[in-house]
Amino acid sequence: QVVLVESGGGLMQAGGSLRLSCVVSGRTLITYAMGWFRQAPGKEREFVAAISRSGGDTFYSDSLKGRIAISRDNTKVYLQMNSLKPEDTAVYYCAARLAVLRPGSLTAGSFNYWGQGTQVTVSS
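None of these values were measured; they are calculated from a predicted model.

1. What about the pattern of salt bridges?
Move 1: Applying the stated criterion across every chain, the model contains 4 salt bridges.
Move 2: Here Asp 88 makes a salt bridge to Arg 38, at a shortest N to O gap of 2.9 Å. In this pair, Asp 88 sits in the loop between strand S8 (76-81) and strand S9 (90-97) while Arg 38 sits in strand S4 (residues 33-39), placing the two residues 50 residues apart along the sequence. Here Asp 88 matches Arg 38 in class, with each residue buried.

2. Re the packing of aromatic side chains
Move 1: Counted by the stated rule, this structure contains 6 aromatic pairs.
Move 2: Measuring from centroid to centroid gives 6.0 Å for Tyr 32 and Tyr 113, while their planes differ by 80 degrees, and the two rings are edge-to-face. Residue Tyr 32 is located in the loop between strand S3 (18-24) and S4, and its partner Tyr 113 is located in strand S10 (residues 113-114); the two are separated by 81 residues in the primary sequence.
Move 3: Geometrically, the ring pair formed by Phe 37 and Phe 47 is edge-to-face, given 5.6 Å between the ring centres and 70 degrees between the ring planes. With Phe 37 in strand S4 and Phe 47 in strand S5 (residues 46-51), the pair connects residues that are 10 residues apart, well separated along the chain.
Move 4: Through successive ring pairs, a cluster of aromatic residues spans Phe 37, Phe 47, Tyr 93, Phe 111 and Trp 114.
Move 5: Across the ring face of Tyr 93, the terminal group of Arg 45 is positioned such that the distance to the ring centre comes to 3.8 Å.

3. Comments concerning the state of the cysteines
Move 1: In the structure shown here, the tally under the stated rule is 1 disulfide.
Move 2: Here Cys 22 pairs with Cys 94 through a disulfide, and the sulfurs are 2.0 Å apart. Residues Cys 22 and Cys 94 share a disulfide whose torsion about the S-S bond is about -80 degrees; that sign makes it left-handed. Of this pair, Cys 22 sits in strand S3 while Cys 94 sits in strand S9, and the two are 72 residues apart along the sequence.

4. So, the side chain of Glu 6
Move 1: With respect to the element layout, Glu 6 can be found in strand S1 (residues 4-7).
Move 2: Arg 45 provides the closest opposite charge to the buried, unpaired Glu 6, separated from it by 7.6 Å.
Move 3: Looking at Glu 6, its side chain comes within polar contact range of the main-chain nitrogen of Cys 94, at 2.8 Å.
Move 4: Polar side-chain contacts of Glu 6 include one of 3.2 Å to the backbone nitrogen of Gln 116.
Move 5: Glu 6 has contacts with Ser 21, Cys 22, Trp 36, Tyr 92, Tyr 93, Cys 94, Gly 115, Gln 116, Gly 117 and Thr 118, leaving out every residue within four places of it along the chain.

5. Some words on the sheet that holds S8
Move 1: Spatially, 4 strands are ordered S1-S3-S8-S7 in an open sheet, and the strand pairing comes out antiparallel. Because the sheet does not close on itself, it has two edges, and the strands there are S1 and strand S7 (68-72). Taken over all neighbouring pairs, the strand axes of this sheet differ in orientation by 15 degrees on average, direction set aside.

6. With respect to unusual backbone geometry
Move 1: Phi at Ser 83 is positive, roughly 50 degrees, even though this residue is not glycine.
Move 2: Summarising the element assignment, Ser 83 is placed in the loop between S8 and S9.

Conventions and cut-offs
- Residues numbered from 1 in each chain as written.
- Predicted model: local features only at pLDDT ≥ 70, side-chain atom pairs only at ≥ 80, totals over all residues.
- Heavy atoms only, no water.
- Salt bridge = Lys/Arg side-chain N within 4 Å of Asp/Glu carboxyl O.
- Helix = DSSP H or I, 4+ residues; strand = E, 2+ residues; numbered from the N terminus.
- Buried < 20%, exposed > 50% of the residue type's maximum accessible area, 1.4 Å probe, protein only.
- Phe/Tyr/Trp six-rings, centres within 6.5 Å; stacked < 30°, edge-to-face > 60°.
- Lys NZ or Arg CZ within 6 Å of the ring centre and 35° of its normal.
- Disulfide = S-S within 2.5 Å.
- Lys, Arg positive; Asp, Glu negative; His and termini not counted.
- Polar contact = N/O pair within 3.5 Å; in protein donor to acceptor, adjacent residues only side chain to side chain.
- Contact = heavy atoms within 4.5 Å.
- Pairing = 2+ DSSP bridges.
- Axes fitted to C-alpha atoms, helices over the stretch in contact; angles between N-to-C directions.

Dropping the structure here:
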């Protein structure tokens, strides 16, 4: 079964930077388009970023574009976050999609597998 594990979360000061990582079980990473989502208490799960299987295409939330970057290598998917704000406080989830990634499929329901999440807390 596909298992995703996030890491890199923690307590940060506003204005700082953080890099989250996600490992997909086995040797199957290239099979999936990957995404990052986040969910704050009492809010819906929100799209953050996504990357195609090859890494050739990336997509970002309009509200976060310019201060985040998604990337991938042979073993992991990363989310670089800069200029952190208290509003970034949330549980961040890594997700995998079997089908080809398309701009119209950047929703939580379009992803097939999910990690347990990693907490990011940003203080003012």
